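Fold and contact review
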Amino acid sequence: MTAVASTPSGCDPESLLNLIDLGLVLLDADGRLVIWNDWMVARTGRARGEVLGRALDAVFATGLDRHLVAAIRAALEAGRSRLLSSSLHRHPLPLFARGGRAPAAAIDQSLVVRAIRGRDGRRQCLIEVADVSPAAGRDRALRARARTTRQQAAHLQAVFDSSIDGLIQFGPDGAIQSVNHSVVRLFGVPDAELVGAPITGLLPGVASRRSATGADPAAGTDPWPTGSRRELTGVCRDGRAVPVEVAITAVHDDTGTNYCAVVRDISERQRFEHELRAQNDTLRAQAAELSKLARRLEASVAHADRLRRQAEAANKSKTDFLARMSHELRTPLNAVLGFSELITDAGQSSDLAVTGPAAEVATARAYAHYIHESGTHLLSLVNDLLDLAKIEAGRMPLHRERIDLGRLATSCLALVSPEAGRRRLNVAHQLPSPAPILCGDERLVRQMLVNLLTNAVKFTPSGGAVTLSSEVRADGALIVTVSDTGVGMTPEDVEQALEHYGQVDNLLTRREQGTGLGLPLVKALIELHGGSLEIDSAPSAGTEVRLVFPDGAIHDAPALAETGAGDR
């Protein structure tokens, strides 16, 4: 026996040699046959019992090809291997096609003569014979094609079974031929029960397609129109209906025409579409409601705009009326004040002496004094009202000039000192020396300071303090501040106090009379100067009001030209 590769336990090495699609012949060192596999038995018609132990030339009485004899001798004696091509040596061995000895069935061969060593170390000769005739090639090609077809079929079956969509193969008569796992999961029916059953059991809607065509399979027409998708209702094993999308494709082969239905569960898609439609309906309803609200809003805005224009027109008419009535209102008040002064001072003039009992004369003078005080207060209110109306009407002139802030502060403090003394308040100014020279309208600046000082005195309890101070900020703005230790205001109170005719409602302010014009007028006048009004206040912590004159308000040049137009 020749040396062969080791084999698994329990496996006969000679059986493995019989499975090889080659002829295997082994000669020992003496040239006797020791291996003769089934391939050689089939193509020589000689059983192993007939040939083993005999020489190769004794087996083939007709003689061997001389090239083969030379190759065997070279392998046994010199250890050289050699390929014998059938193109050079047509029939190195007298072999025939499987199944007999007919000379017409001789096969073309390709031989490899190998020199090997046996277990005893002596040379042996192994002859490998391959059938290279055309018939053998075709047979090998068919076997290879069959293997490829089996592999492709296995691959297609794997794809068929792993598809997410359900796949149903059925014939022209509608009988199901095969289904994949997705169909089994979708309809809950084992594939063994489905094969051979009509497809209409799962998809009743497919039957309507067939009847609608009026097709006749015998006439060669297609009973199952293909190429389109339809949404149908499938029937599960438990009777439950499931919405599906079905696409049918015709499959043509040698056996005829069959069909493949691709079935997709669209339950989730329909649920999503239903929710989407519901959301769209909701959005459309909301859009319609918003459209209605928008139209109402537009109508409200238009109405509000009409009311605003009417209010502006009414306010302008009021302002114009007050501005035109300036002299008419002031003239009678000036006459009242003048005559009341004459009556009060009548004792100093013989022409205007008041005659009568002393008590009556004193009473008349006291009444004249009250008339003068009331007229002065009324004239002040009228002046504030008219000035505010003129500012709103754009008729307030601004005469800029050099103002000694120290002199002006002293003058203003002197006006409020009598009232401050009656209330036992400490009133003073803290201005630098020399005081800044302010560029502005002196009458209007005086009016602002007097209004702020009057408010501070009016709303500061007995024993408090009112201070007038100034500073120049780093940005060049001049700040004139009136601070007090009075009742103070909340932020809401400040906002109300800045409104025209607005009054803060607290215990102290209810005891004081006022029109609510002071702060709005001051704000309008400082803005007329290009500045702003700042207020810091808190209940029971006092109030600090700042007049912020813009950069450039401090001036030491000659008086500027008058700007604006109208009466002073």
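Residues numbered from 1 in each chain as written. Predicted model: local features only at pLDDT ≥ 70, side-chain atom pairs only at ≥ 80, totals over all residues. Heavy atoms only, no water.

Under the definition given, this model contains 26 salt bridges. Note that Glu231 is salt-bridged to Arg269, the shortest N-O span being 2.6 Å. Of this pair, Glu231 sits in strand 8 (residues 229-235) while Arg269 sits in helix 10 (residues 267-324), and the two are 38 residues apart along the sequence. A relative accessible area of 32% places Arg269 in the partly exposed class. Glu442 is paired through a salt bridge with Arg407; the nearest N and O atoms lie 3.1 Å apart. You can see Glu442 sitting in helix 14 (residues 442-458) and its partner Arg407 sitting in helix 13 (residues 405-422), a full 35 residues away along the chain. Via salt bridges that share partners, Asp28, Asp30, Arg32 and Arg122 belong to a single interconnected network. (Salt bridge = Lys/Arg side-chain N within 4 Å of Asp/Glu carboxyl O. Helix = DSSP H or I, 4+ residues; strand = E, 2+ residues; numbered from the N terminus. Buried < 20%, exposed > 50% of the residue type's maximum accessible area, 1.4 Å probe, protein only.)

What follows is about the pairing of strand 9 (residues 241-253). Taken together, the 7 bridges between strand 8 and strand 9 define a ladder with antiparallel strand orientation. Across the sheet, the residue bridging to Glu231 is Glu245, located in strand 9. The hairpin formed by strand 8 and strand 9 contains 5 residues between the paired strands, and Gly239 there has a positive phi angle of roughly 90°. Between strand 9 and strand 10 (residues 256-265), which pair antiparallel one after the other, the connecting turn spans 2 residues. (Pairing = 2+ DSSP bridges.)

The next thing to look at is the side chain of Ser182. When you line up the elements, Ser182 lands in helix 7 (residues 181-187). Of the residues examined, Ser182 reaches a relative accessible area of 6% and is grouped as buried. Polar side-chain contacts of Ser182 include one of 3.0 Å to the side chain of Arg185. Each residue touching Ser182, except ones within four places of it in the same chain, is listed here: Ser163, Ile164, Asp165 and Gly166. (Polar contact = N/O pair within 3.5 Å; in protein donor to acceptor, adjacent residues only side chain to side chain. Contact = heavy atoms within 4.5 Å.)

This part covers the environment of Ile343. Relative to the assigned elements, Ile343 resides in helix 11 (residues 326-344). With relative accessibility at 37%, the residue Ile343 sits in the partly exposed group. Linking Ile343 and Arg365, residues 22 residues apart in sequence, is a C-alpha distance of 6.3 Å. Contact partners of Ile343, with chain neighbours within four places excluded, come to Ala364, Arg365 and Ala368.

Moving on, we get to the confidence of the model for the chain. Model confidence for the chain is summarised by a mean pLDDT of 79, while 77% of its residues fall at 70 or above. Contacts from residues 507-511, a stretch scored under 50 in pLDDT, to residues over four places away or in other chains number 8 contacts. (pLDDT = per-residue confidence, 0-100.)

What follows is about the packing of aromatic side chains. Summed over all chains, the structure comprises 2 aromatic pairs. Note on Trp36 and Phe60: the rings are 6.4 Å apart at their centroids and 40° apart in plane angle, and the pair reads as tilted. With Trp36 in strand 2 (residues 33-36) and Phe60 in the loop between helix 4 (56-59) and helix 5 (66-77), this residue pair connects regions lying 24 residues apart in the sequence. The two residues Trp36 and Phe60 agree in class, both being buried. Arranged with centres 5.6 Å apart and planes meeting at 20°, the rings of Phe170 and Tyr259 form a pair that is stacked. In this pair, Phe170 sits in strand 6 (residues 166-170) while Tyr259 sits in strand 10, placing the two residues 89 residues apart along the sequence. The burial state of Phe170 is the same as that of Tyr259; both residues are buried. (Phe/Tyr/Trp six-rings, centres within 6.5 Å; stacked < 30°, edge-to-face > 60°.)

This part takes up the packing of helix 14 against helix 17 (residues 518-528). At a minimum axis distance of 10 Å, the contact between helix 14 and helix 17 shows a crossing angle of 150°. Comparing the axis directions of helix 14 and helix 17 gives the class roughly antiparallel. Both helix 14 and helix 17 take part in a crossing whose hand is left-handed. Along its contact with helix 14, which presents Leu444, Gln447, Met448, Asn451, Leu452 and Asn455, the element helix 17 presents Gly518, Leu519, Leu521, Val522, Leu525, Ile526 and Leu528. Partitioning the contact of helix 14 with helix 17 into residue classes produces 9 nonpolar, 4 polar and no charged. (Axes fitted to C-alpha atoms, helices over the stretch in contact; angles between N-to-C directions. Parallel < 35°, antiparallel > 145°, perpendicular 65-115°, else oblique. Left-handed = near helix turned anticlockwise from the far one by under 90°. Nonpolar A, V, L, I, M, F, W, Y, C, P; charged D, E, K, R; others polar.)

Turning to its location among the elements, Val472 is positioned in strand 14 (residues 465-472). Residue Val472 is classed as partly exposed on the basis of its relative accessible area, which comes to 45%. Through-space distance from the C-alpha of Val472 to that of Pro436 is 8.9 Å; in sequence the pair is 36 residues apart. Setting aside residues up to four positions removed in sequence, Val472 forms contacts with Ala477, Leu478 and Ile554.

On to the sheet that holds strand 8, then. Taking strand neighbours across the sheet as the criterion, the 5 strands line up as 7-6-10-9-8 in an open arrangement whose pairing is antiparallel. Looking at strand neighbours, the two that pair on one side only are strand 7 (176-179) and strand 8, the edges of this open sheet. With direction set aside, neighbouring strand axes in the sheet form an average angle of 35°.

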